[in-house]
Amino acid sequence: MKTLQLQFENAQGGTATVSLDNPVEPVNPAAIQAAQTAILSQNIFNSTGGDYVKVKGAKIIERNVTDIVLS
């Protein structure tokens, strides 16, 4: 499973993350940056460290899970 993580700096200088499952690939960096800018300008999220104040980055996380059959 892949997850797109949008990272922001909050008012206290910490990192806040918005995670989106199953991102469209290939990713479009311009669209991601536009979405992060819109999130900041509309002030639609906040964290325990306060409002989001700055874009920090974005990344794709891929996680593989394999069930182990126990008898």
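Presented here is an overview of the structure given in this document. These figures come from a predicted structure and were not determined experimentally. (Residues numbered from 1 in each chain as written. Predicted model: local features only at pLDDT ≥ 70, side-chain atom pairs only at ≥ 80, totals over all residues. Heavy atoms only, no water.)

## Examining the side chain of Q7
For clarity, the threshold we go by: Only DSSP runs of H or I with at least four residues qualify as helices, and only runs of E with at least two residues qualify as strands; both kinds are numbered from the N terminus onward. Exposure categories follow from relative accessible area, calculated using a 1.4 Å probe and restricted to protein chains: below 20% of the type maximum is buried, above 50% is exposed, and the middle band is partly exposed. The contact criterion used throughout is that any non-hydrogen atoms of two residues lie within 4.5 Å.
Residue position: Q7 is located in strand 1 (residues 2-10). Since its relative accessible area comes to 17%, Q7 is described here as buried. Contacts of Q7, omitting those with residues within four sequence positions, involve T15, A16, T17, Q36, V55, K56, G57, A58 and K59.

## Some thoughts on the packing of aromatic side chains
To keep it simple, the criterion reads: Whether two aromatic rings pair depends on their centres lying within 6.5 Å, for rings of Phe, Tyr and Trp, where Trp uses its six-membered ring; planes under 30 degrees apart make the pair stacked, over 60 edge-to-face, and the rest tilted.
Tallying each qualifying case throughout the model produces 2 aromatic pairs. Here the aromatic rings of F8 and Y52 are separated by 4.8 Å at their centres, their planes lie at 20°, and the arrangement is stacked. Placement of F8 in strand 1 and of Y52 in strand 4 (residues 50-62) is noted, with a sequence separation of 44 residues between them. Among the residues examined, Y52 registers a relative accessible area of 10% and is labelled buried.

## Overview of the pairing of strand 1
Heads up, the condition is: Between any two strands, pairing holds if DSSP finds at least two bridges.
Pairing between strand 1 and strand 4: 9 bridges, direction antiparallel. Counterpart to Q7 in the pairing with strand 4 is G57. Bridging between strand 1 and strand 2 (residues 15-21) involves 7 bridges; their strand directions are antiparallel. The partner of Q5 across the bridge, within strand 2, is S19. Here strand 1 folds back onto strand 2, and the loop between the two strands holds 4 residues, one of which, G13, carries a positive phi near 90°.

## Concerning the nonpolar core
Among soluble globular proteins, nonpolar side chains are generally buried collectively. Filter applied, for reference: Buried Ala, Val, Leu, Ile, Met, Phe, Trp, Tyr and Cys residues form a nonpolar core when they are joined through side-chain atoms within 4.5 Å.
Formed by L4, L6, F8, A16, V18, I32, I39 and Y52, the largest nonpolar core amounts to 8 residues. Within the residue set of this core, elements represented by two or more residues are strand 1, strand 2 and helix 1 (29-42). Examining the composition of this core, we find that 3 residues originate from one element, strand 1, more than from any other. Non-local contacts of I39, meaning those with residues more than four positions away in its chain, are made with L6, F8, I44, F45 and Y52.

## Here we look at the pattern of salt bridges
Short version of the rule: What counts as a salt bridge is simple: a side-chain nitrogen of Lys or Arg found within 4 Å of a carboxyl oxygen of Asp or Glu.
This model, assessed by the stated rule, comprises 2 salt bridges. Notably, a salt bridge pairs E25 with K2, separated by 3.1 Å at the nearest N-O pair. You can see E25 sitting in the loop between strand 2 and helix 1 and its partner K2 sitting in strand 1, a full 23 residues away along the chain. Among the ionic pairs, K54 bridges to E9, the shortest N-O distance being 3.9 Å. On the criterion of sequence distance, the pair formed by K54 in strand 4 and E9 in strand 1 is long-range, its members being 45 residues apart.

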